[in-house]
Amino acid sequence: MEEFIEVRNVYFRYDIGEGTDASDNSYALRGINLKINKGEFVAVVGHNGSGKSTLAKHFNSIFIPTTGDVFVSGMNTKDDDHLFDIRKTVGLVLQNPDNQIVAGIVEEDVAFGCENLGVPPDEIRTRVDNALKAVDMYEYRKHSPDKLSGGQKQRVAIAGIIAMEPECIVLDEPTAMLDPQGRDEVISTVLRLNKERGITIILITHYMEEAVLADRVVIVDSGTLLLDGTPREVFAQNELLKRHRLDVPQATELNHRLRGCGFDLPDCVLDEEECAEALKKILKK
Amino acid sequence: MGRDITLGQFMPGHSVIHRLDARSKILLLISYIVFIFIAGNYMSLLLITMASLLVVLSTRISFKMYLKSMRVILFVVLFTGILNIFYGSGEVLWEWWIIKITQGGINNAIFVTVRIATLVMISSVLTFTTSPSDLTDAIERLLKPLTVFHIKVHEIAMMMTIALRFIPVLLEETDKIMNAQKARGADMESGNVFKRVKALIPVLIPLFVSSFRRANDLAMAMECRCYNGGKGRTRMRILRFSGVDLFALIFSLVIFSGVILCNIYFSPLTR
Amino acid sequence: MAVLKAENIRLVYGAGTAFEKTALKDLSFEIEKGEFIGIIGHTGSGKSTLVQLLNGLLRPTYGKIYLNGKDIWHEPKKIREVRFKVGMVFQYPEYQLFEETVYKDISFGPVNMGLSEEEIDKRVREAAGFVGLKDELLTKSPFDLSGGEKRRAAIAGVIAMDPDVLILDEPTAGLDPLGRDALLSQISSYHSVRKNTVLLVSHSMEDIARIADRILVLSHGEKVMLDTAENVFSRGSELEELGLRVPQITRIMMLLRESGIPVNTNILTVEQAFNEIVNLSV
């Protein structure tokens, strides 16, 4: 796999102005190193205030590292000349679906990014239609965003990014404000974009049930990387996660506790089907 | 409360008027307004009013909707109408103490009333048949020449777009905050003016804070989508003048010439 | 006597217009003093409408609501009294903060009630204590607090009115698991100390399963179930048909049950599941 995004020893501090406390605590990110390959689906998990959202905003030059570098397809995010190339390559979807829709009609909002990039009108039309179909919102193209549900609005926001034909989409807690149904809609859309279109996905979330769907889980705690691996590797570290007061899925937790009591169970299970299968084996003897 | 307010009374449809280019509609509306005031006698006023009614009917929107939009200013129309009766010259029809009603006064009253009513009606045609985004788009394109004078036309249009998008959002939010404060015993329905204004503080402050938060988010979202002002920007929708626009133009020119001819050939009105 | 009683309440939005929409259909129920009730339903099931009816922010089109045996709309002018007795915490309540200090904001409700200064002071400190806000935070501006602290300050503002019934609409929305757990345990300790009635609206069954005595399930404006948590969750497949999601742990038990293993399916927590499986295998 081709290396795509590289975060190299990044420290980041919000500019608090005069009299800033120089102690280590004032840094939101403290020495992050991370490489992301093309086509990967990476979930970034952590508490509120762990630095995960701050990290998300480094991938497309919204934030610039205080020290260290971030490279996107070889371009340094500090380099102003590449600003639009970087934002074209890496799209960012934010948490609040209401606040990122610019226009009063769905299709015009989706077109907004392409219009900014100076894409010719005919091509914008095709791109917008394709993007709306990709998130399953084509039939709503003439609607006003006010009348849509949270999940639908968030899919419109995703379509607005897709229309810019990015290689990577970063989603900063896209489901935090949604109901369970909206959450399902958004996550299945994201999974489909990753599997069918090969778009690299970086999903910032605090829902472990969403993280298990990724190829790779990165856990951020107090501005540093705590764990980085496949969901199975990461969630097998039950004790470490507990110590940092992080959740694991209930299925994983149950399996872990029973295994601790000497039951013959696998190292780690991720979802209810896997857990039930494993339990059936020991209970049906 | 808030949720009942519908902004921009756009009513989608497929009538000839709906199909007109928004730019034509704006320009024609302005010329109609000018000619409503140019009309100087009953014949020319009748002509422009009839033409306006024809336009209204061809939108295929129920006439009730137009009456509704007129109801809002009914008071103003009646008030100015009645006031005008007492001013004017010419033959005195009726006199009592210092009050004099003249032929000129009656003419004035009728003229003012018909003019305002026609004006509101024809303006409603624009807002009823044009989507808000078409409207801002057309304004941006029509004002484009003003960029020569360093007027930020694109920015103005973008502000209008964002305002139209967020007004319903903020109305809903106001509703929510009001309910939340009412649940804590805020009393917004009684007391004198001073008390009521003071009672609004718990609503206005959260509303301001949240507007700033939204503005911040929106700015970031726009940056993520490479927004860089109007420079090098293209548009998905291309506004194009078509046969319908040409037809509307010819129709209007005929009416306008008629108004001028009527003004010339029929005697001017006593005022 | 029931603290809250709803009798055939119906709410129609925009009655007589083209946009007429029935949000609640002939709902009846009784809630006893001191109960902890969970209300679940998908978006649009009418749960937010219901709670606004219960504290008099909306008036039912038909039917009556009784608080401590009295019709709340008996004297419409005194509806403010009802709102003091049925405290309502809205979704994302932190967006209603407005005062210069946290202390002043929490005291907004008590001041509106016309209480004495000593009483207000006592209530503000008590309420802040329930939600775990430290004393030094009370003098700060509410806008300088962290997201979780803001939420708790807003909840304290309602608790400070010392309502007979406390209603919380999605109090944990948008919080991370740590914040969610902390807030839920604060609410449940408030309930056990004050012995007040608490109504918690949520679409997270995990949250509700943990603390509610009884659960009211709404769907399309109608009452589908009102029963103990165990009984409601034992009807897991019915809940799923309503578009509601049962906790993952309950689903594991349902899967085991389907394959013929005799486990109980009214399991709500990992702890219970653990015990159930250990018991089954010895």
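A few points on the structure. Along each chain, residue indices are assigned from 1 in the same order as the chain's sequence is written. As they are written, the chains are lettered A onward and the ligands numbered 1 onward, keeping that order. Local features in this predicted model are restricted to residues of pLDDT 70 or higher, and side-chain atom pairs are both shown and tallied only at a pLDDT of 80 or more, whereas totals for entire chains, interfaces and linings draw on every residue. Neither water nor hydrogens contribute to the side-chain values; these are computed over all heavy atoms in the structure.

### Some details on the overall build of chain A
No. 1: A run of H or I in DSSP becomes a helix once it reaches four residues, and a run of E becomes a strand once it reaches two; helices and strands are each numbered from the N terminus. Scanning chain A from N- to C-terminus turns up 11 helices and 10 strands.
No. 2: Relative to the 2.2 N^0.38 estimate, which gives 19 Å for 285 residues, the radius of gyration of chain A is 20 Å and therefore close to what a compact globule would have.
No. 3: The dimensions of chain A, computed from C-alpha atoms along their principal axes, are 65 × 50 × 35 Å.
No. 4: Categorising residues by exposure relies on relative accessible area from a 1.4 Å probe, with only protein chains included: less than 20% of the type maximum marks a residue as buried, more than 50% marks it as exposed, and the intermediate range marks it as partly exposed. A burial count over chain A gives 60% of its 285 residues as buried.
No. 5: Of the contacts formed within chain A by residues at least 6 apart in sequence, a portion of 64% connects residues at least 24 apart.
No. 6: Accessible surface, chain A: about 11400 Å² in total, of which carbon and sulfur atoms supply 45%.
No. 7: Taking the 33 positively charged and 48 negatively charged side chains of chain A as two groups, their mean positions are separated by 4 Å. Values of the radius of gyration come from C-alpha atoms, whereas the globule rule sets the reference at 2.2 Å times the count of residues to the power 0.38. Residue contacts are counted whenever heavy atoms from the two residues lie within 4.5 Å of one another. With residues, only the protein chains shown are counted as cover, and all accessible areas are computed by Shrake-Rupley using a 1.4 Å probe. In summary, the charge assignment counts Lys and Arg as positive and Asp and Glu as negative, without counting His or the chain termini. We put the charge of a Lys on NZ, of an Arg on CZ, of an Asp on CG and of a Glu on CD.

### A word on the packing of helix α11 (residues 272-283) of chain A against helix α11 (residues 248-258) of chain C
No. 1: Between α11 of chain A and α11 of chain C, whose axes approach to 9 Å, the crossing angle comes to 45°. Our classification of the angle between α11 of chain A and α11 of chain C gives oblique. Relative to α11 of chain C, α11 of chain A is oriented so that their crossing is right-handed. In this structure, α11 of chain A contributes E272, E273, C275, A276, L279, K280 and L283 of chain A to the contact, and α11 of chain C contributes Q248, R251, I252, L255 and L256 of chain C.
No. 2: Considered class by class, the residues forming the contact of α11 of chain A with α11 of chain C number 7 nonpolar, 1 polar and 4 charged. Fitted lines through C-alpha atoms serve as axes, helices being fitted only where they are in contact, and the angles separating the N-to-C directions of these axes extend from 0 to 180 degrees. Put simply, angles under 35 degrees are roughly parallel, angles over 145 are roughly antiparallel, angles from 65 to 115 are roughly perpendicular, and the rest are oblique. Two helices crossing with the near one rotated counterclockwise from the far one by less than a right angle form a left-handed crossing, whereas a clockwise rotation gives a right-handed crossing. Side-chain classes are defined by residue name, with Ala, Val, Leu, Ile, Met, Phe, Trp, Tyr, Cys and Pro counting as nonpolar, Asp, Glu, Lys and Arg as charged, and the others, Gly among them, as polar.

### What about the interface of chain A and chain B?
No. 1: The partner chain B presents 27 residues to the 39 residues of chain A that form the contact.
No. 2: Buried surface at the junction of chain A and chain B, both sides included, amounts to about 3000 Å², of which 57% is carbon and sulfur.
No. 3: A quick way to say it: buried area is the sum, across both parts, of accessible area lost when two parts are put together, with a 1.4 Å probe. When residues of chain A are sorted by the area they lose upon contact with chain B, N99, V102 and E115 of chain A head the list and together hold 22% of the total.
No. 4: Should a side-chain nitrogen of Lys or Arg be within 4 Å of a carboxyl oxygen of Asp or Glu, the pair is scored as a salt bridge. Run the count over chain A and chain B and you get 7 salt bridges.

### Thoughts on the environment of D267 of chain A
No. 1: On the secondary structure map, D267 of chain A appears in the loop between α10 (250-260) and α11.
No. 2: Distance from D267 of chain A to A236 of chain A, taken between C-alpha atoms, is 6.5 Å for residues 31 residues apart in sequence.

### Some words on the sheet that holds strand β8 (residues 197-201) of chain C
Where strands meet in a sheet, backbone hydrogen bonds hold them as pairs that are either parallel or antiparallel.
All names here are of chain C.
No. 1: If you walk across this open sheet you meet the 6 strands as β6-β7-β8-β3-β9-β10, and the pairing is mixed. Looking at the sheet topology across the chains shown, the edges are occupied by β6 (86-89) and β10 (222-228). Here the average twist between neighbouring strands, direction ignored, is 15°.
No. 2: Note: two strands are recorded as paired if DSSP finds a minimum of 2 bridges between them. Across 5 bridges, the pairing between strand β7 (residues 165-169) and β8 is parallel. Note on β8: the bridge partner recorded for L166 is V198.
No. 3: Lying over the sheet, helix α6 (residues 147-159) contacts β6 and β7, oriented at roughly 170° with respect to β6.

### Quick word on the sheet that holds strand β8 (residues 200-205) of chain A
All names here are of chain A.
No. 1: With mixed pairing, the 6 strands of this open sheet are ordered in space as β6-β7-β8-β3-β9-β10. Single-partner strands in this sheet number two, and they are β6 (90-93) and β10 (224-229). Neighbour-to-neighbour, the strand axes of the sheet open up by a mean angle of 15°, direction not taken into account.
No. 2: The pairing of strand β7 (residues 168-172) with β8 spans 5 bridges and is classified as parallel. Following the sheet pairing, L171 is matched in β8 by L203.
No. 3: Set on the sheet, helix α5 (residues 150-162) makes contact with β6 and β7; between it and β6 the angle comes to about 165°.

### Concerning the interface of chain C and chain A
No. 1: Facing the 29 residues of chain C at the interface are 31 residues of chain A.
No. 2: Scanning the region where chain C abuts chain A turns up 4 salt bridges.
No. 3: Where R257 of chain A meets E271 of chain C, a salt bridge forms, and the shortest distance between an N and an O atom there is 3.2 Å.
No. 4: Definition of a polar contact: a pair of N or O atoms within 3.5 Å, with one able to donate and the other able to accept a hydrogen when the atoms are protein atoms, and with sequence-neighbouring residues admitted only if both atoms are side-chain atoms. Summed over the shared surface of chain C and chain A, the number is 11 residue pairs in polar contact (both at pLDDT 80 or more).
No. 5: Residue assignment for the side of chain C that touches chain A shows that the elements contributing at least two residues are α7 (177-194), α11 and α12 (270-281) of chain C.
No. 6: In terms of residues, the side of chain C that touches chain A owes the most to one element, α12 of chain C, which gives 8 residues.

### Considering the pattern of salt bridges
No. 1: Counting across every chain of the model gives 54 salt bridges over all chains.
No. 2: Between R259 of chain A and D267 of chain A there is a salt bridge whose closest N-O contact spans 3.1 Å.
No. 3: Looking at D267 of chain A, the relative accessible area reads 55%, which means it is exposed.
No. 4: The residue E100 of chain C makes a salt bridge to K104 of chain C at a minimum N-O spacing of 3.3 Å.
No. 5: Among the residues examined, K104 of chain C registers a relative accessible area of 35% and is labelled partly exposed.

### Re the packing of aromatic side chains
No. 1: Any pair of Phe, Tyr and Trp rings, taking the six-membered ring for Trp, is counted once the centres come within 6.5 Å. Such a pair is stacked with planes under 30 degrees apart, edge-to-face with planes over 60 apart, and tilted for the rest. Summed over all chains, the structure comprises 14 aromatic pairs over all chains.
No. 2: Their ring planes at 85° and their centres at 5.8 Å tell us that Y11 of chain A and Y27 of chain A sit as a pair that is edge-to-face. One end of the pair, Y11 of chain A, is in strand β1 (residues 3-12); the other, Y27 of chain A, is in the loop between β1 and β2 (29-37), and 16 residues separate them in sequence.
No. 3: Residues F130 of chain C and Y190 of chain C carry aromatic rings whose centres are separated by 5.1 Å and whose planes lie at 90° to one another, so their mutual orientation is edge-to-face.

### Here we look at α11 of chain C
No. 1: Burial of α11 of chain C is extensive: 8 of the 11 residues sit out of reach of the surface.
No. 2: In this structure, the buried side of α11 of chain C is in contact with α10 and α11 of chain A together with α8 (205-211), α9 (229-233), α10 (236-241) and α12 of chain C.
No. 3: Positive phi appears at G260 of chain C, one or two residues downstream of α11 of chain C, with a value of about 95°.

### Concerning unusual backbone geometry
No. 1: Positive phi values are uncommon outside glycine, yet D136 of chain A reaches one of about 65°.
No. 2: Considering the arrangement of structural elements, one finds D136 of chain A in the loop between α4 (121-134) and α5.
No. 3: Residue classification places D136 of chain A among the partly exposed residues on the basis of a relative accessible area of 49%.
No. 4: Even without glycine at this site, H220 of chain C takes up a positive phi of about 45°.
No. 5: By the secondary structure assignment, H220 of chain C is in the loop between β9 (214-219) and β10.

### Topic: α10 of chain A
No. 1: Among all positions of α10 of chain A, only Q250, A251, T252, E253, L254, N255 and L258 of chain A are buried.
No. 2: As for α10 of chain A, its buried residues are in contact with α8 (231-235), α9 (238-243) and α11 of chain A together with α8, α11 and α12 of chain C.
No. 3: One or two steps after α10 of chain A, the chain reaches G262 of chain A, where phi turns positive at roughly 95°.

### With respect to the side chain of H154 of chain B
Residues and elements named next belong to chain B.
No. 1: With respect to the helices and strands, H154 occurs in helix α8 (residues 153-183).
No. 2: Residue classification places H154 among the buried residues on the basis of a relative accessible area of 11%.
No. 3: Within polar-contact distance, the side chain of H154 engages the side chain of Y227 at 2.7 Å.
No. 4: Setting aside residues up to four positions removed in sequence, H154 forms contacts with E140, Y227, G229, G230 and R233.

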